[in-house]
Amino acid sequence: MTALEKELAIQDKKFAATIERLRNRNFSRNLPFLILSNKLPEGQGYYEYADGHIEIQEVYTIGADIETRFIRTLSEAETIVVRNDFKLKNGLQ
């Protein structure tokens, strides 16, 4: 492994740890964690909650206000796929 590869591996671990801390912080504050995906239409995202469920919501603006609109709650099988994709993409365990 080259020095560059080692440095990239260290940076990847730091990134994954930061993402996991943000996710846990949101959950501890009873806030959802936003998971962005190119599998959803523009303006939509997955909102993961501490109880384990994930919703699709759309974010839009009305004047200077940012609003969200509930689209639907994912099934348990869909939730597993989204969570696994997110963890793989971000190097999380």
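Values in this document were obtained by computation on a predicted structure and should not be read as measured data. The numbers attached to residues start from 1 for each chain and follow its sequence in the written order. Selection of residues for local features in this predicted model requires a pLDDT of at least 70, selection of side-chain atom pairs for listing and counting requires 80 or more, and totals for whole chains, interfaces and linings are taken over all residues. Values reported for side chains reflect all heavy atoms of the structure, with hydrogen atoms and water molecules removed beforehand.

In this structure, what is going on with the overall build of the protein chain? I would like to understand it.
The way it works is that DSSP assigns letters per residue, a run of H or I at least four long becomes a helix, a run of E at least two long becomes a strand, and they are numbered from the N terminus. From N to C terminus, the protein chain includes two helices and four strands. For the protein chain, the sequential pattern of α-helices and β-strands runs α-β-β-β-β-α. Counting only C-alpha atoms and orienting by the principal axes, one finds that the protein chain spans roughly 50 × 35 × 30 Å. Burial classes follow relative accessibility: with a 1.4 Å probe on protein chains only, a residue under 20% of its type's maximum area counts as buried, one over 50% as exposed, and anything between as partly exposed. Counting the 93 residues in the protein chain, one finds 27% classified as buried. Pairs at least 24 apart in sequence give 23% of the contacts found in the protein chain among residues at least 6 apart. Every accessible area reported is derived by Shrake-Rupley at a probe size of 1.4 Å, with residue values counting cover from the shown protein chains alone. Within the structure as shown, the protein chain displays about 6,800 Å² of accessible surface, and the carbon and sulfur contribution to it stands at 56%. In this tally, Lys and Arg are treated as positive and Asp and Glu as negative; His is ignored, and so are the chain termini. Lysine's charge is taken at NZ, arginine's at CZ, aspartate's at CG and glutamate's at CD. For the protein chain, the distance from the average position of its 13 positive side-chain charges to the average position of its 14 negative side-chain charges is 7 Å. Note on contacts: a residue pair qualifies if any of its non-hydrogen atoms lie within 4.5 Å across the two residues.

Would you take a moment to explain the sheet that holds strand β1 (residues 33–35) for this structure?
To summarise the sheet geometry, strands pair through backbone hydrogen bonds and adopt either a parallel or an antiparallel arrangement. Two strands pair under a simple rule: DSSP has to find at least two bridges between them. The strand order β1-β2-β3-β4 describes an open sheet built from four strands, whose pairing is antiparallel. Of all strands in the sheet, those bounded by a partner on one side alone are β1 and β4 (65–73). Averaged over all pairs of adjacent strands, the angle between strand axes in this sheet comes to 40°, irrespective of strand direction. Examined bridge by bridge, β1 and strand β2 (residues 44–48) share three bridges and lie antiparallel to one another. Opposite isoleucine 35, over in β2, you have tyrosine 46 as the bridge partner. The axes are straight lines fitted to the C-alpha atoms, using for helices just the contacting stretch, and the angles between their N-to-C directions are given from 0 to 180°.

Which parts of the structure should I look at to understand helix α2 (residues 76–90)?
Helical geometry note: an α-helix holds 3.6 residues per turn, so side chains three or four residues apart project in the same direction. One less than the residue count of a helix, multiplied by 1.5 Å, gives the span that helix is expected to have. If you check α2, its first and last C-alpha atoms are 21 Å apart, about what 15 residues at 1.5 Å a residue would give, namely 21 Å. Listing the buried residues of α2 in full gives Thr79, Val82, Arg83, Phe86 and Asn90. Projection of α2 onto a plane perpendicular to its axis shows the buried side chains occupying an angular sector of 95°, all on one side. Facing away from the buried surface of α2 by more than 90 degrees, the exposed residues are Ala77 and Leu88. As for α2, its buried residues are in contact with α1 (3–28), β1, β2 and β3 (54–62). The arc in question is the one spanned by the directions pointing from the helix axis to the C-beta atoms.

Quick question: what am I supposed to make of the pattern of salt bridges here?
Side-chain pairs of opposite charge can arise whenever the charged atoms involved come near each other. By definition, a salt bridge exists where a carboxyl oxygen of Asp or Glu is found within 4 Å of a side-chain nitrogen of Lys or Arg. Taken as a whole, this structure holds six salt bridges when the rule is applied. Arginine 23 is the salt-bridge partner of glutamate 48, the closest N and O atoms lying 2.7 Å from each other. Taken together, the residues span a long stretch of sequence, with glutamate 48 in strand β2 and arginine 23 in helix α1 at a distance of 25 residues. Across this residue pair, the class does not change: glutamate 48 and arginine 23 are buried. Across the pair glutamate 58 and arginine 69 runs a salt bridge whose closest N-O atoms are separated by 2.6 Å. Of this pair, glutamate 58 sits in strand β3 while arginine 69 sits in strand β4, and the two are eleven residues apart along the sequence.

Shape descriptors only; they carry no functional weight alone.
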